[in-house]
Amino acid sequence: SRFWGGLFLISRPGPSPPPSPPSPSTSQRYPTTMGFKYIGFVGCYTKPGQADPFEASHGGIPHDRSRVGKGVLSIGVGSDGKLVHLNNGDPVIKADALPNPSYLSFNGHIGKEARLCVVSELEGGKWQPFSVCFDEKHSVVKLEAAGEKLGTGGSYPCHIIHAHSALGVDLLFISNYGEDQGVFSIVSTNPLLVEVKPNQVVFGAGSNGNFTRQQTSHAHSSCVAPSTSPKRSLDVCAVDLGSDSIIQFSLTQKSDVTTLGCNEIGRLAAPAGSGPRSLMFNPNKALSNVAVVSLEMTAQVWLIRRRPHDGCLEGLSTPVSILPENWPDDCTSESQFNRGRWASDAVWSPDGKYVYAAARLHDSISVFKLNYTIDTYRQPASPEGCPKSVNVEKLELVQRINTGGKTPRCLAVTECGEFLLVAHQHSHDVASFRRDLQDGTLTFINRLDANCAACVKLARSELVKL
């Protein structure tokens, strides 16, 4: 998110007080370590004025610029959803070791060493893996470099995810936002066993839907998709904000066994000038072909799906605004800055029934219920294992809640579905909300200081304990 202008200052009432603790039946399914249900990692910008599209022309979002991030912080999430600093609030990865650690990916598994992969969002993009463990006796998180810093293949990497390939090797997908063009990179964690060819894709020209921000491509994020074919090892969708497109790739095992071929298999055009930012497929198996896309520059969410018969993407409905009707008023300061449109993250609840979408400038989260029906009597002509026919009707707004901070950049829902965390870049904090498991609504719990918070990721505490 870069290079277009504006300035704003918004004052809003504070959030509601914490509710009562969750029911024991839900909490008992997820064991805790030292009272922490989850261990969190917060990536923070260590340089001022980062990833701010208002910076170049208007001096950026007004905030306390004397505060910059220290690196990557660790936090504990209690069984009541309250957040606490671990390691006395000191960073587990310091800024001088890896500057601008803006995005993280955790790949912990029981019985396997937990790893945290982190990108350094600078012109000369880098990433580095770290081993993770939690010393429950002293309530301290320990991170050690598990490899050297490596290039990301592009500039300003802003997103990284991991996936396990059918050949038994983990892959990393890195989105390089870029200055001149976006670059999507694929990294094998063990290139001696599996090599990816090509391992970099240059996206090229932008759509010019917005001349200031879309003259060139900008790879913003990616998401692994459920495969619709047994011949495909892995499918991934890359989101290009600059060209208003979502690009599908298939990684397929070649005849030499140790090589995965990366081929583009489809491209879906988003609405012109919408600037797609993030994409997430529904975690519910029956709905796994449905995905939600956050459209940053129009402040909307958009439902798309993979067609059962060929796996290609298509739009399901008209994009839905995440802002109140007629906001902002023409006479307010927000209206001159892209008309107040600046969406960030959009995520599903673990049951796939609700979408949570964050709006910067308005500093709110919109909660939508997915209305759908499943045809249990008719199976489409699709590969074995694909979900039955799903009729998606619409996203229904059930709540819009102020986040109590400024510039909500990243959302994370806990695996149990009880809590949602928000990283606020310009109010320098991470906030926790309780999710009502019945109607999806949110209630504020507490917040912690985290200078220039950019990303928050969570791991079940038992996955990282020493």
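Residues numbered from 1 in each chain as written. Predicted model: local features only at pLDDT ≥ 70, side-chain atom pairs only at ≥ 80, totals over all residues. Heavy atoms only, no water.

Trainee: Would you mind going over the overall build of the chain in detail, with residue names and values included?
Mentor: Counting its regular elements, the chain contains 3 helices and 32 strands. For the chain, with 466 residues in total, the buried portion stands at 59%. Considering only contacts in the chain between residues 6 or more positions apart, those separated by 24 or more positions represent 58%. (Helix = DSSP H or I, 4+ residues; strand = E, 2+ residues; numbered from the N terminus. Buried < 20%, exposed > 50% of the residue type's maximum accessible area, 1.4 Å probe, protein only. Contact = heavy atoms within 4.5 Å.)

Trainee: Could you give an account of the sheet that holds strand 25 (residues 354-359), with specific residues and numbers?
Mentor: Taking strand neighbours across the sheet as the criterion, the 4 strands line up as 24-25-26-27 in an open arrangement whose pairing is antiparallel. The open sheet is flanked by strand 24 (343-348) and strand 27 (389-402), the only strands paired with a single partner. The average angle at which neighbouring strand axes cross in this sheet is 20 degrees, direction not considered. Sheet analysis places strand 24 next to strand 25, joined by 4 bridges and oriented antiparallel. Its bridge partner lying in strand 25, Ala346 is registered against Ala357. (Pairing = 2+ DSSP bridges. Axes fitted to C-alpha atoms, helices over the stretch in contact; angles between N-to-C directions.)

Trainee: Report on the environment of Leu241, specifying residues and quantitative values.
Mentor: With respect to the helices and strands, the residue Leu241 is situated in the loop between strand 16 (234-240) and strand 17 (245-253). When its relative accessible area of 0% is taken as the criterion, Leu241 is described as buried. Spatially, the C-alpha atom of Leu241 lies 7.5 Å from that of Gln214, the residues being 27 residues apart in sequence. Look past the residues within four positions of Leu241 in its chain and what remains in contact with it is Tyr177, Arg213, Gln214, His218, His220, Gly275, Pro276, Glu296 and Met297.

Trainee: Please set out the confidence of the model for the chain residue by residue, giving values where relevant.
Mentor: The predicted model of the chain averages 87 in pLDDT, with 86% of residues at 70 or higher. Residue range residues 1-33 is modelled with pLDDT below 50. Its contacts to residues more than four positions away, or to other chains, number 110 contacts. Segment residues 381-385: pLDDT under 50, and 4 contacts once partners within four positions in sequence are set aside and those in other chains are kept. (pLDDT = per-residue confidence, 0-100.)

Trainee: Explain the environment of Tyr372 to me, using residue names and the numbers behind them.
Mentor: Summarising the element assignment, Tyr372 is placed in strand 26 (residues 364-375). Take Tyr372: its relative accessible area is 24%, and that puts it in the partly exposed class. Along the sequence, Tyr372 and Leu287 sit 85 residues apart, while their C-alpha atoms lie 9.4 Å from each other. When near neighbours in sequence (up to four residues on either side) are disregarded, Tyr372 contacts Leu287, Val390, Asn391, Val392 and Glu393.

Trainee: Which residues make up the pairing of strand 8 (residues 140-145), and what are the values?
Mentor: In the sheet, strand 7 (residues 126-135) pairs with strand 8 via 6 bridges, with the strands oriented antiparallel. Of the residues in strand 8, the one forming a bridge with Phe134 is Val141. Two successive antiparallel strands, strand 7 and strand 8, enclose a turn made up of 4 residues, where Ser139 displays a positive phi of approximately 55 degrees.

Trainee: Could you give an account of the packing of aromatic side chains, with specific residues and numbers?
Mentor: For the structure on display, the rule yields 6 aromatic pairs. Considering the side-chain rings of Phe184 and Phe249, the 5.6 Å spacing of their centres and the 20 degrees angle between planes classify their relative orientation as stacked. One end of the pair, Phe184, is in strand 12 (residues 183-188); the other, Phe249, is in strand 17, and 65 residues separate them in sequence. Exposure class is identical for Phe184 and Phe249. Each is buried. In textbook terms, an aromatic cluster arises when at least three aromatic residues are bridged by ring pairs, as seen for Phe173, Phe184, Phe203 and Phe249. (Phe/Tyr/Trp six-rings, centres within 6.5 Å; stacked < 30°, edge-to-face > 60°.)

Trainee: Explain the nonpolar core residue by residue, including any values.
Mentor: Of all hydrophobic cores here, the largest spans 50 residues; its most connected members are Phe41, Val42, Val132, Val141, Leu143 and Leu421. With 6 residues, the single largest contributor to this core is strand 1 (residues 36-44). Discounting residues that sit within four places of it in the chain, Val141 has contacts with Ile39, Phe41, Ser74, Leu86, Asn87, Val92, Val132, Cys133 and Phe134. (Core = buried A, V, L, I, M, F, W, Y, C linked by side-chain atoms within 4.5 Å.)

Trainee: Could you give an account of the sheet that holds strand 11 (residues 170-176), naming the residues involved and the relevant values?
Mentor: In a beta sheet, neighbouring strands pair by backbone hydrogen bonds and run either parallel or antiparallel. Taken in spatial order, the 4 strands line up as 10-11-12-14 in an open sheet, and their pairing is antiparallel. Of all the strands in the sheet, the pair left with one neighbour each is strand 10 (157-164) and strand 14 (200-202). Adjacent strand axes in the sheet meet at a mean angle of 15 degrees when their direction is disregarded. Strand direction decides the pairing type here: strand 12 and strand 14, joined by 3 bridges, are antiparallel. Looking at strand 14, one finds that Phe184 is bridged to Val201.

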